[in-house]
Amino acid sequence: MSSDTLAQVPTPAKTPDPADAPRIVPRRRLGQWTAAVAVLVLLGFAVNSVLRNKAFQWDVVADYFTSDAILRGLWLTLWLTAVVMALGFALGTLLAAFRLSANPVLRAVAWGYVWLFRSIPILVQLLLWFNIGALYPQVFGVKTVDLLSPVAVAIVGLTLHEAAYAAEVVRGGILSVDRGQIEAAQALGLSPGRRWWRIVLPQAMRSIVPPAANMLIGTLKGTSIVSIIAVNDLLFSAQLVYHRTYQVIPLLMVATLWYAVVTSLLGVGQYYVEKRYARGTERTR
């Protein structure tokens with residue numbers, strides 16, 4: 001065999017040695033770890049200060065946390081929240097339908113309602129309804145003072161306020177549904193009711209649920225404002241107790257803890273409701 005033939009014979013490729021590969025060094029995140037340690041230290045100081053501060057009187061908090069007066073106020077708060085949300089979204093859905101209507105009068109009326117009740121602070125609305133007797137002493141021959149109790153005033157004021165925001169939430173959810181979905185349902189001959197129930201609503205709920213859940217939590221906390229008109233809710237019940245015992249901070253902590261407990265439970269419920277309506281989408285986790 002000639003030297004030229006030997007030169008053409010390919011040499012076998014050398015198997016790379018894993019030991020010769022460059023070593024991958026993870027990036028040092030010194031800043032992140034430093035910030036995390038600093039935040040944990042500050043959080044530890046804050047928790048220690050709260051737990052060890054005798055002014056909070058945690059023994060008094062424990063005594064009143066499940067007292068009858070507080071639980072009655074908590075029940076009224078929960079009941080008021082449920083009623084206001086149900087009525088508010090019922091009226092808000094009607095207003096959303098008006099705003100999406102082809103009738104210009106209905107659109108104008110719905111827009112004016114939303115503009116008006118979103119412009120007036122809720123406290124002002126409650127005080128106006130509470131003093132409605134100064135404007136209309138009688139309605140259908142019945143004294144307004146007898147017709148509207150403080151609880152009724154709270155329901156009316158909060159419902160009208162929440163309906164304005166619910167209308168925009170529902171309208172936004174309906175507008176988020178692709179128009180092609182509705183046209184496809186029409187092409188299949190589905191009735192308007194079935195189109196709404198089977199096509200529009202399930203897809204709109206994906207956009208409605210998150211802001212609606214935030215509204216629910218906001219309404220729960222917002223009911224505390226009805227204490228200004230002497231509605232015996234959770235906050236007002238706590239105020240009645242500390243006006244008698246002068247233990248202001250412990251009773252405010254009782255109300256704070258109950259609000260935190262209920263909003264946490266609502267947050268868990270929101271997670272599962274969102275997960276249910278997000279099935280089959282990229283938002284499913």
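As a reminder, the structure under discussion sits directly above these lines.
Below is a short write-up of the structure. (Residues numbered from 1 in each chain as written. Predicted model: local features only at pLDDT ≥ 70, side-chain atom pairs only at ≥ 80, totals over all residues. Heavy atoms only, no water.)

1. Examining a nonpolar patch on the surface
1) Next: On the surface, a cluster of nonpolar side chains totalling about 450 Å² of accessible area is made up of L40, L43, V47, V50 and L51.
2) Next: The exposure class of V47 is partly exposed, given its relative accessible area of 41%. (Patch = residues over 30% accessible without salt bridge, like charges linked within 9 Å, V, L, I, M, F, W, Y side chains within 5 Å. Areas by Shrake-Rupley, 256 points an atom, 1.4 Å probe, with all protein chains shown as cover. Salt bridge = Lys/Arg side-chain N within 4 Å of Asp/Glu carboxyl O. Buried < 20%, exposed > 50% of the residue type's maximum accessible area, 1.4 Å probe, protein only.)

2. Some thoughts on the pattern of salt bridges
1) Next: This structure, assessed with the given rule, holds 2 salt bridges.
2) Next: Note that E168 and R99 form a salt bridge whose closest N and O atoms lie 2.7 Å from each other. Pair noted here: E168 is in helix α8 (residues 150-175) and R99 is in helix α4 (residues 68-99), with a separation of 69 residues, a long-range link.
3) Next: Ionic pairing is found between R171 and E168, a salt bridge with its closest N-O pair at 3.0 Å. Note that R171 and E168 are positioned in helix α8 at a spacing of 3 residues, about one turn of the helix.
4) Next: Through salt bridges that share partners, R99, E168 and R171 make up one connected network. (Helix = DSSP H or I, 4+ residues; strand = E, 2+ residues; numbered from the N terminus.)

3. Remarks on the packing of aromatic side chains
How two aromatic rings sit relative to each other is set out by the distance from centre to centre and by the angle between their planes.
1) Next: Following the criterion strictly, the structure yields 5 aromatic pairs and no others.
2) Next: Seen in terms of ring centroids, W111 and W115 are 6.4 Å apart; in terms of plane orientation they differ by 5°. Their pairing is stacked. Of the two residues, W111 and W115 both sit in helix α5 (residues 104-119), 4 residues apart, roughly one turn of that helix. (Phe/Tyr/Trp six-rings, centres within 6.5 Å; stacked < 30°, edge-to-face > 60°.)

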